[in-house]
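In case you want the letters, here they are:
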Amino acid sequence: MRIDFRHYIEKVRREIIRDAVFCVRAVMWVAAVAAAHIIVLRHFLYSLCPMVLMTGLPCPACGMTRAGVLILTGHFAAAWKLQPFIYILGLFVLAAGIWRYLLLKNSTGWMKKCLMVILLCMIAFYIYRMVRYYPDVPPMTYYPYNLFYRLRCLFRTIVF
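The model shown is predicted, which means the values in this text are computed figures rather than measured ones.

Rules and cut-offs
Residues numbered from 1 in each chain as written. Predicted model: local features only at pLDDT ≥ 70, side-chain atom pairs only at ≥ 80, totals over all residues. Heavy atoms only, no water. Helix = DSSP H or I, 4+ residues; strand = E, 2+ residues; numbered from the N terminus. Rg over C-alpha atoms; globule rule 2.2 N^0.38 Å. Buried < 20%, exposed > 50% of the residue type's maximum accessible area, 1.4 Å probe, protein only. Contact = heavy atoms within 4.5 Å. Areas by Shrake-Rupley, 256 points an atom, 1.4 Å probe, with all protein chains shown as cover. Lys, Arg positive; Asp, Glu negative; His and termini not counted. Charge placed at Lys NZ, Arg CZ, Asp CG, Glu CD. Phe/Tyr/Trp six-rings, centres within 6.5 Å; stacked < 30°, edge-to-face > 60°. Patch = residues over 30% accessible without salt bridge, like charges linked within 9 Å, V, L, I, M, F, W, Y side chains within 5 Å. Salt bridge = Lys/Arg side-chain N within 4 Å of Asp/Glu carboxyl O. Core = buried A, V, L, I, M, F, W, Y, C linked by side-chain atoms within 4.5 Å.

Q: Is there a simple way to explain the overall build of the protein chain in this structure?
A: Check the secondary structure of the protein chain and you find 7 helices and 0 strands. Written out in order from the N terminus, the α and β elements of the protein chain read α-α-α-α-α-α-α. Computed over C-alpha atoms, the radius of gyration of the protein chain comes to 22 Å, more than 25% over the 15 Å expected from 2.2 N^0.38 for 160 residues, which places it beyond the range of a compact globule. Along the first, second and third principal axes, the C-alpha atoms of the protein chain reach 85 × 35 × 30 Å. For the protein chain, buried positions account for 21% of its 160 residues. By sequence separation, contacts in the protein chain at least 24 residues apart represent 48% of the contacts at least 6 residues apart. Total accessible area on the protein chain stands at roughly 12300 Å², and carbon and sulfur atoms take up 74% of it. Where the 19 positive side-chain charges of the protein chain centre and where its 5 negative ones centre are 13 Å apart.

In structure tokens, the structure reads:
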């Protein structure tokens, strides 16, 4: 009985180490791509958001990065005012981490459903903010000189 139990513990330990190494590698790749994205876009352009760069309009997650920075600096009310979904996504990430790494369960069905509900709520909240606050209150502001604006100007100079 002891040998079987030790064998099981060793098997679980190896699986956890393998999964942790995979996750660390994935996080390193995501961090490298995010750092390159931030360096290139922030250095050459005025925003990090691809939707803002292309259309000039804020996206449903607009303000999420600033809200995260506000949370890290201890300004919780300002983060809530800027983007309340930062807390919901934080709780989701915490719950998913506990589910996967502490409870050692690998089911992603409920995670996908939760993310879909969160995404739908974010889109509904985005529409509300666009109706109520656009274009006067940050982050719901229009950014001129976006890609579509520049293409439109280029088209006008070529055609007319």
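On we go from here.
Q: Before we go on, may I ask you to explain the packing of aromatic side chains in this structure?
A: Geometrically, a pair of aromatic rings is defined through the distance of the ring centres and the angle of the planes. Summed over all chains, the structure comprises 7 aromatic pairs. The rings of Phe85, Phe125, Tyr128 and Tyr133 are connected pair by pair, giving a single aromatic cluster.

Q: Would you mind going over a nonpolar patch on the surface with me for this structure?
A: A cluster of nonpolar side chains, namely Met54, Leu147, Phe148, Leu151, Leu154, Phe155, Ile158 and Val159, defines an oily patch on the protein surface of about 800 Å² accessible area. With 7 residues, the top contributor of residues to the nonpolar patch is helix 7 (residues 147–159). With respect to the helices, strands and loops of the structure, phenylalanine 148 is situated in helix 7. Residue classification places phenylalanine 148 among the partly exposed positions, given a relative accessible area of 45%.

Q: I keep staring at the nonpolar core and nothing clicks. Help me out?
A: The nonpolar side chains of a soluble globular protein tend to be buried, and buried together. Listed in full, the 10 residues of the largest apolar core are Met64, Ala67, Ala79, Phe85, Ile86, Phe92, Ala96, Met111, Ile118 and Met122. Counting residues per element, the ones that place at least two in this core are helix 3 (64–72), helix 5 (85–102) and helix 6 (109–133). It is helix 5 that provides the largest number of residues to this core, a total of 4 residues. Apart from the residues lying within four places of it in its own chain, the contact partners of methionine 122 are Pro60, Ala61, Met64, Phe85 and Leu89.

Q: Would you mind showing me how to read the environment of methionine 122 here?
A: Residue position: methionine 122 is located in helix 6. Spatially, the C-alpha atom of methionine 122 lies 9.4 Å from that of proline 84, the residues being 38 residues apart in sequence.

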